[in-house]
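Next come the chains, spelled out residue by residue.
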Amino acid sequence: MKNLSIKLKITLWYTLFMTLLVIGILWLLLYISNSRLLSNARLRLKDTVTRSFHEIDYEDGVLEFDNDINFLGEGIYISVYDTGGKLLYGRIPSLFNGAPVLVMDEIQQVDSGQTLWYVYDYCQKIEGYGNLWVRGIASQTQTDAALATVVRLALVFLPFFVLCIAAGGYFIIRRTLAPLAAMTDTARKISEGSDLSRRIRLGAGKDEVHKMAHTFDRMMDKLEESFENEKQFTSDVSHELRTPVTVILSQCEYALQEDTSPSEVQDCVRTIAGQSRKMSSLISQLLTLARADKGTQKLHYELLNLSELAEITVEEQKSIAAAKGITLETHIQPDILFRGDETMMMRLFINLLSNSITYGRENGTTRITLTSDGSRITGSVSDNGIGIEKDKLDKIWKRFYQVNPARSSGEREGAGLGLPMVKWITEAHGGTIRVESTPGEGSAFTFSWETALQEGVRGSIMKGQGETPI
């Protein structure tokens with residue numbers, strides 16, 4: 001089989017499958033037909049025996065049998081017995097030599113060696129005479145004759161069907177797979193030359209092979225782009241998971257110290273549990289941007305106190321900022337309500353603060369503001385760090401781009417996904433974000449949402465039962 005061409009392999013498998021399918025269908029039809037014929041034969045035998053009592057009369061002390069009793073059912077032999085089993089009237093087939101005992105209302109199968117018989121006995125009271133037995137005997141051979149004819153016809157035509165299936169299948173498969181030669185040649189050249197820019201470009205066509213060729217070309221487009229970003233994947237995961245892992249390790253080390261009290265150990269365990277849950281959430285969020293590109297990412301909207309969310313995020317980042325001597329200053333207006341996805345908004349604040357701490361000046365300052373004037377919610381994260389050159393401001397929103405990778409090494413190693421995610425989260429909630437920066441002086445990221453747009457989002461949430469696909 002390994003040396004056969006794909007056309008021949010498909011043809012053989014197709015022929016085998018279709019042959020088995022035809023045989024299976026024929027067997028099913030024969031089985032159903034046989035069951036139906038046998039069922040009809042038994043019902044006819046019962047009906048003939050019960051009707052035969054209408055042809056029997058008892059007058060003046062004599063049983064009278066109408067001659068029609070022998071012709072009530074074609075191929076059915078009727079015989080009449082008294083309660084002692086003595087034959088009073090009727091016919092018994094010459095080849096029948098079994099079932100001497102009368103059994104009430106039950107069809108028996110009797111094999112006389114040459115023929116299989118169906119026997120049905122029924123007892124009924126004849127007025128003036130008493131109980132009388134009637135036996136019906138029918139041969140199964142007649143029932144099997146029609147079925148045998150069908151089987152012979154099926155065996156005659158089956159080889160012809162198989163040949164037609166094989167020939168037709170091979171012809172169709174050969175024509176269908178003809179364009180694969182061009183695809184194979186292109187794929188071979190790509191493999192030999194390592195030139196991912198080559199494409200099959202089979203041309204217009206709507207059949208499966210053309211669709212496969214077009215899919216292959218689109219796949220190569222994505223592969224070419226993916227290979228460019230492949231080296232960034234490890235640092236991407238590190239960027240997203242380093243913070244919770246660092247907190248977990250530090251809490252573990254503190255809890256293992258001999259002078260740590262039981263209550264402090266419990267606090268450490270609670271912190272570790274919280275960070276572990278956060279890390280699990282972060283892992284799932286690594287797929288967020290990919291789902292957003294495909295339009296399958298959903299935001300789960302709820303009414304949030306954005307002020308409290310920002311304060312919580314700042315508190316979580318204080319220990320990281322303190323390690324670098326950076327002071328976090330806040331100017332957050334209380335009780336700003338916002339309709340959005342809590343996890344995504346937390347991710348927005350964390351990414352902006354993490355970015356500011358990473359590129360901030362040691363012993364510097366990061367300022368976080370959040371205000372609302374009734375018509376617009378505005379927030380910003382600014383620092384006095386290294387800043388960004390003007391020609392690079394537009395590039396920071398691109399995936400995996402880092403202004404200065406050397407500054408994001410070590411504990412604050414990043415992968416260039418934080419700011420693209422911030423941009424997506426802001427825009428997904430109907431807002432905008434912009435950046436202002438001066439090299440050597442610092443950067444300021446400002447995001448905002450219009451209250452009117454938030455009301456529109458709120459209406460769509462209520463209609464969409466809480467979820468809005470992005």
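Residues numbered from 1 in each chain as written. Predicted model: local features only at pLDDT ≥ 70, side-chain atom pairs only at ≥ 80, totals over all residues. Heavy atoms only, no water.

### Considering the sheet that holds strand 3 (residues 76-81)
- Taken together, the five strands give an open sheet; going across it, the order is 4-3-7-6-5, and neighbouring strands pair in antiparallel fashion. The strands lining the two open edges of the sheet, one partner per strand, are strand 4 (87-90) and strand 5 (107-111). Sheet twist, expressed as the average angle between the axes of neighbouring strands with direction ignored, equals 25°.
- In terms of strand pairing, strand 6 (residues 116-126) meets strand 7 (residues 130-139) through 10 bridges, oriented antiparallel. Looking at the pairing, Lys-125 lines up with Asn-131 of strand 7. (Pairing = 2+ DSSP bridges. Helix = DSSP H or I, 4+ residues; strand = E, 2+ residues; numbered from the N terminus. Axes fitted to C-alpha atoms, helices over the stretch in contact; angles between N-to-C directions.)

### Brief notes about the pattern of salt bridges
- This structure, assessed with the given rule, holds eight salt bridges.
- Of the charged contacts, one joins Glu-315 and Lys-318 as a salt bridge, the two residues approaching to 3.1 Å between their closest N and O atoms. Residue Glu-315 and its partner Lys-318 are both found in helix 8 (residues 306-323); the two are separated by three residues, about one turn of the helix.
- Two residues, Arg-434 and Glu-436, come together in a salt bridge whose shortest N-O distance is 2.7 Å.
- Residue classification places Arg-434 among the partly exposed residues on the basis of a relative accessible area of 46%. (Salt bridge = Lys/Arg side-chain N within 4 Å of Asp/Glu carboxyl O. Buried < 20%, exposed > 50% of the residue type's maximum accessible area, 1.4 Å probe, protein only.)

### Here's the deal with the packing of aromatic side chains
- Under the counting rule described, the total for this entry stands at six aromatic pairs.
- Between Phe-65 and Tyr-89, the ring centres sit 4.6 Å apart and the planes meet at 5°, which makes this aromatic pair stacked. Note that Phe-65 is positioned in strand 2 (residues 62-65) and Tyr-89 in strand 4, a separation of 24 residues in sequence.
- For the pair Tyr-120 and Tyr-122, a centre-to-centre distance of 6.3 Å together with 20° between the ring planes defines the contact as stacked.
- The class of Tyr-122 is partly exposed, set by a relative accessible area of 22%. (Phe/Tyr/Trp six-rings, centres within 6.5 Å; stacked < 30°, edge-to-face > 60°.)

### Focus on the confidence of the model for the protein chain
- Residues with a pLDDT of 70 or more make up 82% of the protein chain, whose mean pLDDT is 78.
- Every residue in residues 456-470 is under pLDDT 50, and counting partners more than four places away or in other chains gives 26 contacts. (pLDDT = per-residue confidence, 0-100. Contact = heavy atoms within 4.5 Å.)

### Notes on the nonpolar core
- Judged by nonpolar contacts, the single largest core of 43 residues is most densely connected at Leu-306, Met-345, Leu-348, Leu-352, Leu-370, Phe-447 and Trp-449.
- Among the secondary structure elements, those contributing two or more residues to this core are helix 8, strand 10 (327-332), helix 9 (342-359), strand 12 (365-372), strand 13 (376-383), helix 10 (418-428), strand 14 (432-438) and strand 15 (442-450).
- For this core, the element with the highest residue contribution is helix 9, accounting for nine residues.
- Beyond its immediate chain neighbours, meaning those up to four positions away, Leu-306 contacts Ile-336, Phe-338, Met-345, Phe-349, Leu-370, Ile-377 and Trp-449.
- If you look at the next biggest cluster of nonpolar residues, it comprises 19 residues, including Ile-56, Ile-76, Leu-132 and Ala-138. (Core = buried A, V, L, I, M, F, W, Y, C linked by side-chain atoms within 4.5 Å.)

### Considering the sheet that holds strand 13
- With mixed pairing, the five strands of this open sheet are ordered in space as 10-12-13-15-14. Only two strands of the sheet have a single neighbouring strand rather than two, namely strand 10 and strand 14. Strand-to-strand twist in this sheet, taken as the mean axis angle between neighbours without regard to direction, amounts to 10°.
- Judged from the seven bridges that link them, strand 13 and strand 15 form a sheet pairing that is antiparallel. Of the residues in strand 15, the one forming a bridge with Ile-377 is Trp-449.
- The strands touched by helix 8 within the sheet are strand 10, strand 12, strand 13 and strand 15, with strand 10 carrying the most contacts at an inclination of about 175°.
- Of the strands in this sheet, strand 12, strand 13 and strand 15 are in contact with helix 9, which crosses strand 15 at around 165°.

### Topic: a nonpolar patch on the surface
- A grouping of Leu-153, Val-156, Phe-157, Phe-160 and Phe-161 is seen on the molecular surface, where their side chains present a nonpolar patch of about 520 Å² in accessible area.
- Considering the arrangement of structural elements, one finds Phe-157 in helix 2 (residues 140-176). (Patch = residues over 30% accessible without salt bridge, like charges linked within 9 Å, V, L, I, M, F, W, Y side chains within 5 Å. Areas by Shrake-Rupley, 256 points an atom, 1.4 Å probe, with all protein chains shown as cover.)

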